[in-house]
Amino acid sequence: MYKFKIRGKAKKLKGITSVSGSKNAGLPIMAATLLAAGNYTINNVPNIIDIRTMAELLSILGSKVEFKNHELKIHTDSCICYEAPYDLVKRMRASIYVLGPLVARCGKARVSFPGGCALGARPINLHLEGLQKLGTNVEIEHGYINAEAKKLHGNEIIFEQRSVGATANILMASVLADGTTIIRNAACEPEINALADFLIKMGAKIEGVGTDCLTVNGGQNLHPADVSLIPDRIETGTLLLAAAITKGEITVKNCCPSDLGIVLEKLREIGFSVNVNNDSITISGKGKNPIEISTNPYPAFPTDLQAPFASLLSTIKGKSIIDENIFSDRFMYISELQRLGADIKLDKNRIVIHGGNQLTGAPLMASDIRAAAALVIAALASEGETEISRVYHLDRGYERLENKLAQLGADIKRVEDN
Ligand code: EPU
């Protein structure tokens, strides 16, 4: 187990850094390799715990997986297993991504039912109802989802709520279903577009990519394909916020600025100067304006940057408001920010931040990937030393974030935590 020791305040971040490939694009794309036997190469893959957990799951399901130098080589067998065990699903909810591909390819799947998590209730009813509409028989027994279908058939699926995971699962199942599937109110996050593009490379017929209505002409003969992952927009935002809170000036390279539209707008609204090139973003200047943020499905403000923004806003004089509209309880981090001296009040799904207090270092504990990132960002602006334990949460989603920050001048060290 590791913890971080961070000495903040005086250090302005400065320099150039580079963003890794997207975790949330990589995970469903890895699951999609279950759809057709053969050899796949995925490049620009971040070396993070969640990607390694998905690799382990694919191995259990019968694939051969090699992961070296950000390149994943996956050989999917012609005969695959169909059970995703509790041990893996409890470590990573995105294990549910194998459900759609397994039912579509094997006619059955047994996947541990994901439990609660640090973001509040996270049901999977939309995944299951969608699969049922395609002709799957679903039963829950002893903590497992048992799903069976002789053959999947296309249908119209109207999601009552936008869901990234359910859209991905149904998309992956429908490419092997007979006939046409129409997915309405589909998620249109860049990671969903990346998955759809990959499936098209595998031979799937999908229209409407990038919109909230996807039409799939299923039952095509799929074949393996190679792909390079899109840049991680949440890591990009995290790095920009780290620089912003120190009033530094950095350039983040190899990113996709158009995936961060509203995030960059909000940084400009606070007062930072944000300059965009084809594949890089430079941030500089000082923030002085408090703002209001409301998280919602893409292209609205991403919930995954909600906590990191709260850290920045704690240092901006005045009253900022954040409404969290995606998850029921994604505020576990605020009691940690309060330990640094932040003035944040929680009321249902809204936090009100009276920013501008000088934060002072304290021992903190991370509770999920983005909460961990938020604590690191806050520590960079805190006087004295902050220790953050349970950084394995951070390691699930960020590849050696501390090295990137140290290269930009941060005083941050990873040390053993006994
Ligand atoms: N929901 C349901 N029923 C379902 C599915 C979702 O009610 O069957 C609800 C959820 O409880 C939530 C909302 O719908 O209130 C949206 O959830 P969604 O399904 O979109 O989230 P997800 O697929 O579980 C992905 C990312 C999350 C990110 C969310 C929202 C991956 C592996 N995870 O989760 O990323 O916050 O979309 O954008 O892509 C992270 O990277 O730290 C992370 C949590």
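Here the structure is shown first, and the text comes after it.
The text that follows walks through the structure, step by step, so that each part is easy to find. Keep in mind the model is a prediction, meaning the values are calculated, not measured.

### Some points on helix α7 (residues 190–201)
Now for step 1: Taking 1.5 Å as the rise per residue, α7 with 12 residues should run 16 Å; its terminal C-alpha atoms sit 16 Å apart, in good agreement.
Now for step 2: Burial analysis of α7 places 9 of its 12 residues in the buried class, the great majority of the element.
Now for step 3: Within α7, burial applies to P190, E191, I192, N193, A194, L195, A196, F198 and L199.
Now for step 4: Along its buried surface, α7 packs onto α1 (23–32), β3 (38–43), α6 (164–174), β12 (205–207), β14 (227–228) and α8 (233–245).
Now for step 5: Two residues or fewer after α7 comes G203, characterised by a positive phi angle close to 110°.

### Concerning empty space enclosed by the protein
Now for step 1: Inspection of the entire model under this criterion finds 3 cavities of 30 Å³ or more.
Now for step 2: As a volume, the largest cavity reaches approximately 40 Å³.
Now for step 3: Around the largest cavity, the lining residues are T303, Q306, A307, R330, Y333, D368, R370 and A371.
Now for step 4: Of all the secondary structure elements, the ones that give two or more residues to the lining of the largest cavity are α10 (306–313) and α12 (369–380).
Now for step 5: Its residues placed into classes, the lining of the largest cavity shows 3 nonpolar, 2 polar and 3 charged.

### Things to note about the sheet that holds strand β5 (residues 71–76)
Now for step 1: Spatially, the 4 strands line up as an open sheet ordered β4-β5-β3-β14, and their pairing is mixed. Since the sheet does not close on itself, it has two edges, and those belong to β4 (64–68) and β14, each with one partner.
Now for step 2: Here 2 bridges tie β3 to β14, and the two strands are oriented parallel to one another. Opposite N43, over in β14, you have S228 as the bridge partner.
Now for step 3: In the packing of α1 onto the sheet, the strands contacted are β3, β5 and β14, and the crossing angle to β3 comes to about 170°.

### Some thoughts on the packing of α10 against α12
Now for step 1: With their axes 7 Å apart at the nearest point, α10 and α12 run at an angle of 20° to one another. By the angle between their axes, α10 is roughly parallel relative to α12. In this structure, α10 crosses over α12, and the sense of that crossing is right-handed. The residues of α12 that touch α10, namely those facing A307, P308 and S311, are R370, A371, A373, A374, L375, I377 and A378.
Now for step 2: A class-by-class count of the residues in the contact of α10 with α12 yields 8 nonpolar, 1 polar and 1 charged.

### Observations regarding the site of the ligand
Now for step 1: Near the ligand lie 24 residues; those nearest to it are N125, S163, D304, I326 and R370.
Now for step 2: The separation between an oxygen atom of the ligand and a polar side-chain atom of N24 is 3.1 Å.
Now for step 3: In this structure, an oxygen atom belonging to the ligand sits 2.6 Å away from a side-chain N or O atom of S163.
Now for step 4: Protein chains bury 87% of the 830 Å² of accessible surface belonging to the ligand in isolation.
Now for step 5: Secondary-structure elements contributing two or more residues to the shell around the ligand are α1, α5 (125–133), α6 and α12.
Now for step 6: Take the shell around the ligand: its biggest share by element is 3 residues, from α5.
Now for step 7: Across the shell around the ligand, the residue classes tally to 11 nonpolar, 7 polar and 6 charged.

### Side note on the pairing of strand β7 (residues 108–112)
Two faces make up the sheet, and in a regular strand the side chains alternate between them.
Now for step 1: By the bridge criterion, 2 bridges tie strand β6 (residues 83–84) to β7 in an arrangement that is parallel. Paired with E83 across the strands is R110, a residue of β7.
Now for step 2: Two elements, β7 and strand β9 (residues 144–148), share 5 bridges in a ladder whose sense is antiparallel. Bridge pairing in β9 links A109 to A147.

### Notes on the nonpolar core
One recurring pattern in soluble globular proteins: nonpolar side chains tend to sit buried together.
Now for step 1: If you look at the biggest cluster of nonpolar residues, it comprises 75 residues, and the most contacted ones within it are L35, V98, L99 and L199.
Now for step 2: Setting aside residues up to four positions removed in sequence, L199 forms contacts with A32, L35, L171, M172, V175, A204 and I206.
Now for step 3: Residues I316, A371, L408 and I412 belong to the second largest nonpolar core, which totals 69 residues.

### A look at a positive patch on the surface
Now for step 1: Taken together, the side chains of K9, K12, K14, K247 and K286 make up a positively charged region of the molecular surface.
Now for step 2: Position of K12 among the secondary structure elements: in the loop between β1 (2–7) and β2 (14–18).
Now for step 3: For K12, a relative accessible area of 51% translates into the label exposed.

Definitions and limits used
- Every chain's residues receive numbers from 1 upward, in the order its sequence appears when written.
- A pLDDT threshold of at least 70 governs which residues receive local features in this predicted model, and a stricter bar of 80 or more applies before side-chain atom pairs are shown or counted, although totals over entire chains, interfaces and linings include all residues.
- To get the side-chain values, take all heavy atoms of the structure and skip hydrogens and water.
- Only DSSP runs of H or I with at least four residues qualify as helices, and only runs of E with at least two residues qualify as strands; both kinds are numbered from the N terminus onward.
- The span you would expect from a helix comes to 1.5 Å times its residue count less one.
- For every residue, the accessible area (1.4 Å probe, protein chains only) is compared with the maximum for its type, and the residue is labelled buried under 20%, exposed over 50%, or partly exposed between those bounds.
- In what follows, residue pairs with any heavy atoms lying within 4.5 Å of each other are defined as contacts.
- A cavity here means a set of points on a 1 Å grid, drawn over the protein atoms and nothing else, where a 1.4 Å probe fits but cannot get out; a pocket is an open set with protein on both sides within 12 Å along at least five of seven lines, and a residue lines either one if it has an atom within 4 Å of a point.
- Grid points are joined across faces, edges and corners, and a volume is the space filled by probe spheres set on the points.
- Residue polarity is assigned by list, with Asp, Glu, Lys and Arg as charged and Ala, Val, Leu, Ile, Met, Phe, Trp, Tyr, Cys and Pro as nonpolar; anything else, Gly included, falls into the polar class.
- Any two strands with at least two DSSP bridges between them are considered paired.
- Angles here are taken between N-to-C directions and fall from 0 to 180 degrees, while the axes themselves are lines fitted to C-alpha atoms, restricted in helices to the stretch in contact.
- In this scheme, roughly parallel covers angles under 35 degrees and roughly antiparallel covers those over 145, while 65 to 115 is roughly perpendicular and the rest are oblique.
- Less than a right angle of anticlockwise turn of the near helix away from the far helix marks a crossing as left-handed, whereas a clockwise turn marks it as right-handed.
- We call a residue near a molecule or strand whenever a single non-hydrogen atom of that residue lies within 4 Å of it.
- Here a polar contact means two N or O atoms within 3.5 Å. Within protein one must be a hydrogen donor candidate and the other an acceptor candidate, and residues neighboring in sequence count only if both atoms are side-chain atoms.
- Using a 1.4 Å probe, the Shrake-Rupley method yields the accessible areas, and only the shown protein chains count as cover for residues.
- Residues grouped as a nonpolar core are buried Ala, Val, Leu, Ile, Met, Phe, Trp, Tyr and Cys residues, joined through side-chain atoms within 4.5 Å.
- Patches in this entry comprise residues that are over 30% relatively accessible and not in a salt bridge; like charges within 9 Å are linked, as are nonpolar side chains (Val, Leu, Ile, Met, Phe, Trp, Tyr) within 5 Å.
- What counts as a salt bridge is simple: a side-chain nitrogen of Lys or Arg found within 4 Å of a carboxyl oxygen of Asp or Glu.
- Asp and Glu count as negative and Lys and Arg as positive, but His and the ends of the chain are not part of the count.
- A charge is said to be at NZ when it belongs to Lys, at CZ for Arg, at CG for Asp and at CD for Glu.

Treat this as a map of the structure, not an account of what it does.
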